[in-house]
Amino acid sequence: MKFSNEKHDTDIINVVDDFDYSTQDECYNKHFIEWRKRKNNPYAYNFTLNKKESVFVDGEGFVNKSASEAEMSTLNRILFVIGVALLCSVIIYDVLDKVVVEILDAVGVNIHNALVSSVIYGGKAEISAILIIFTVAKFGVPLLIIHMKFKIPHQVRCPHLMNDPCEVVGTVAATLVASAIVAIPTAYSEESESIYNFFKTFNTDMSVFGQKEFIIYSIFDIVIVSIISESLFRGEMFAALRQFGDAYAVIITSVLSGIFTQNFQIMAGTMIISAVSAIGCLRSGTVFSAIIARIVYKIFLLLLTIISSSNISHVKTVKHIYLMLVLLVGLVTMIVIFSSKERREKTIFARYKAYVPMKKKLLAAVKSIPLIVAVVSCLFVAALKLAS
């Protein structure tokens, strides 16, 4: 379906047809349009109006419906669901897991909560089990809630058909460049960095683990967590927010992804990498670009952490060489991938007729009570971690 400005010159307003579907593949577009046009779908922005017609409302007479009102009404419902989903995740990961640990500790299991810290201590197997269960739940629960409410087709929430495979390579290259840039402030700080600081978002005493456990958790964090986190933020949530503009979807999911880390040290970097992942997903047509980008970023961080915590001489020099190599490889690859005029001028964000300005839509996220409570809770936990 081609986007055309001709519709805006007529008396017919149809927000679904006014969306530019040329940036994605036909399978994605077909199911996305069907979902948006589905009857009694409260999360689909599918406003239609003939300007020459009026609607009779009891007590008000004949009135004209507003596309902007319909847009904000749908957006508020979507933000409410996202807020509730993320708030449930925060409760499970930051409250329920502590309750479970206290119960297990009381019945004699070798796992404990510190009174003045959020860190969980105990045996290797016990920590491993709690870590896996609650980390998966951290992302799995909001995924389930969002899917049960939005019911977006699989072809849309998990697009897999690449419209341009080279864009996946371009996304990886952009991720390398962004990773090197965001790592500069911490890479050259005077603070010593432990290898276990790689697991910045895990409330566990990773120092009790040996080489075997470290390898297991490296794989878990790099692969599994990357897949489920990107499925959450670049899947159904992103698809629902696309109705209000791709730029809006990129901003909201990237900011929430960073805040959801509950760690000020990596929050900004995660937001930037998330934005790169989201744009890469749009350019390539597949969510796998976002997953690969997140995996590449985590591998980059792991290698940087290993270098920082090693006993090799001239650590700062080695880190400098490492960052320069990553930056150089990323830049050269980007130049090669985007050397063609067609790829440089490729349309990334779908065009559509906006009836509500971006500022007002961003403010809607701030005014959504469940969402702001979830955000404040994450920031509060991040503050506690920074203070401890």
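Quantities reported herein were computed from a predicted structural model and do not represent experimental measurements.

**Q** For the packing of helix H6 (residues 211-241) against helix H8 (residues 264-284), give the residues involved together with the corresponding values.
**A** Taken N-terminus to C-terminus, the directions of H6 and H8 make an angle of 50°; their axes are 11 Å apart at the nearest point. Our classification of the angle between H6 and H8 gives oblique. Here H6 and H8 pass one another in a crossing that is right-handed. When H6 is examined against H8, the residues Glu230, Arg234 and Phe238 are found in contact with a partner set consisting of Ser274, Ser277, Ala278 and Leu282. Classifying every residue of the contact of H6 with H8 by side-chain character gives three nonpolar, two polar and two charged.

**Q** Just give me the short version of a nonpolar patch on the surface, but keep the residues and values in it.
**A** On the surface, a nonpolar cluster with roughly 520 Å² of combined accessible area is contributed by Ile91, Val95, Leu96, Val99, Ile103 and Val107. With respect to the helices and strands, valine 95 occurs in helix H2 (residues 67-106).

**Q** Before we move on, could you go through the environment of isoleucine 372 and cite the residues and values that matter?
**A** Among the secondary structure elements, isoleucine 372 is positioned in helix H13 (residues 369-387). Using a relative accessible area of 31% as the deciding quantity, one classes isoleucine 372 as partly exposed. Considered as a pair, isoleucine 372 and phenylalanine 80 are 292 residues apart in the sequence and their alpha carbons are 9.7 Å apart.

**Q** Summarise the packing of aromatic side chains; cite the residues concerned and give the values.
**A** Tallying each qualifying case throughout the model produces eleven aromatic pairs. Ring centres 5.7 Å apart and planes at 50° place the aromatic pair tyrosine 28 and phenylalanine 32 in the tilted group. Taken together, the residues tyrosine 28 and phenylalanine 32, both in helix H1 (residues 26-36) and four residues apart, mark about one turn of the helix. The exposure classification of tyrosine 28 matches that of phenylalanine 32, with both residues buried. Considering the side-chain rings of phenylalanine 32 and tryptophan 35, the 6.3 Å spacing of their centres and the 10° angle between planes classify their relative orientation as stacked. Of this pair, phenylalanine 32 and tryptophan 35 both sit in helix H1, three residues apart, which is roughly one turn of that helix. Accessibility classification places phenylalanine 32 together with tryptophan 35 in one group, the buried group. An aromatic cluster is built from Phe19, Tyr21, Tyr28, Phe32, Trp35 and Tyr352, whose rings are joined through pairwise contacts. The ring centre of phenylalanine 32 lies 5.8 Å from the NZ or CZ of arginine 36, which sits over that ring. One cation-aromatic arrangement involves lysine 138 over phenylalanine 260; the distance from NZ or CZ to the ring centre is 5.1 Å.

**Q** Account for the packing of H2 against helix H12 (residues 358-367), with residues named and values stated.
**A** For the pair H2 and H12, the least separation of the axes is 10 Å and the interaxial angle reads 35°. Two packed elements cross with a definite hand, and for H2 against H12 that hand is right-handed. On the side of H2, the interface is formed by Glu71, Met72, Leu75, Asn76 and Leu79, while H12 contributes Lys360, Lys361, Ala364 and Ala365. A per-class count over the contact of H2 with H12 returns five nonpolar, one polar and three charged.

**Q** Residue-level account of the nonpolar core, with values.
**A** Of all hydrophobic cores here, the largest spans 63 residues; its most connected members are Ile82, Phe150, Leu241 and Leu256. Only H1, H2, helix H3 (124-150), H6, helix H7 (246-259), H8, H12 and H13 provide two or more residues apiece to this core. Setting aside anything within four residues of it in sequence, one finds isoleucine 82 in contact with Phe150, Met237, Leu241, Leu256 and Leu371. With eleven residues, the next largest nonpolar core counts Leu176, Phe300, Leu323 and Val326 among its residues.

Reading the values: rules and limits
- Residues numbered from 1 in each chain as written.
- Predicted model: local features only at pLDDT ≥ 70, side-chain atom pairs only at ≥ 80, totals over all residues.
- Heavy atoms only, no water.
- Axes fitted to C-alpha atoms, helices over the stretch in contact; angles between N-to-C directions.
- Helix = DSSP H or I, 4+ residues; strand = E, 2+ residues; numbered from the N terminus.
- Parallel < 35°, antiparallel > 145°, perpendicular 65-115°, else oblique.
- Left-handed = near helix turned anticlockwise from the far one by under 90°.
- Contact = heavy atoms within 4.5 Å.
- Nonpolar A, V, L, I, M, F, W, Y, C, P; charged D, E, K, R; others polar.
- Patch = residues over 30% accessible without salt bridge, like charges linked within 9 Å, V, L, I, M, F, W, Y side chains within 5 Å.
- Areas by Shrake-Rupley, 256 points an atom, 1.4 Å probe, with all protein chains shown as cover.
- Salt bridge = Lys/Arg side-chain N within 4 Å of Asp/Glu carboxyl O.
- Buried < 20%, exposed > 50% of the residue type's maximum accessible area, 1.4 Å probe, protein only.
- Phe/Tyr/Trp six-rings, centres within 6.5 Å; stacked < 30°, edge-to-face > 60°.
- Lys NZ or Arg CZ within 6 Å of the ring centre and 35° of its normal.
- Core = buried A, V, L, I, M, F, W, Y, C linked by side-chain atoms within 4.5 Å.

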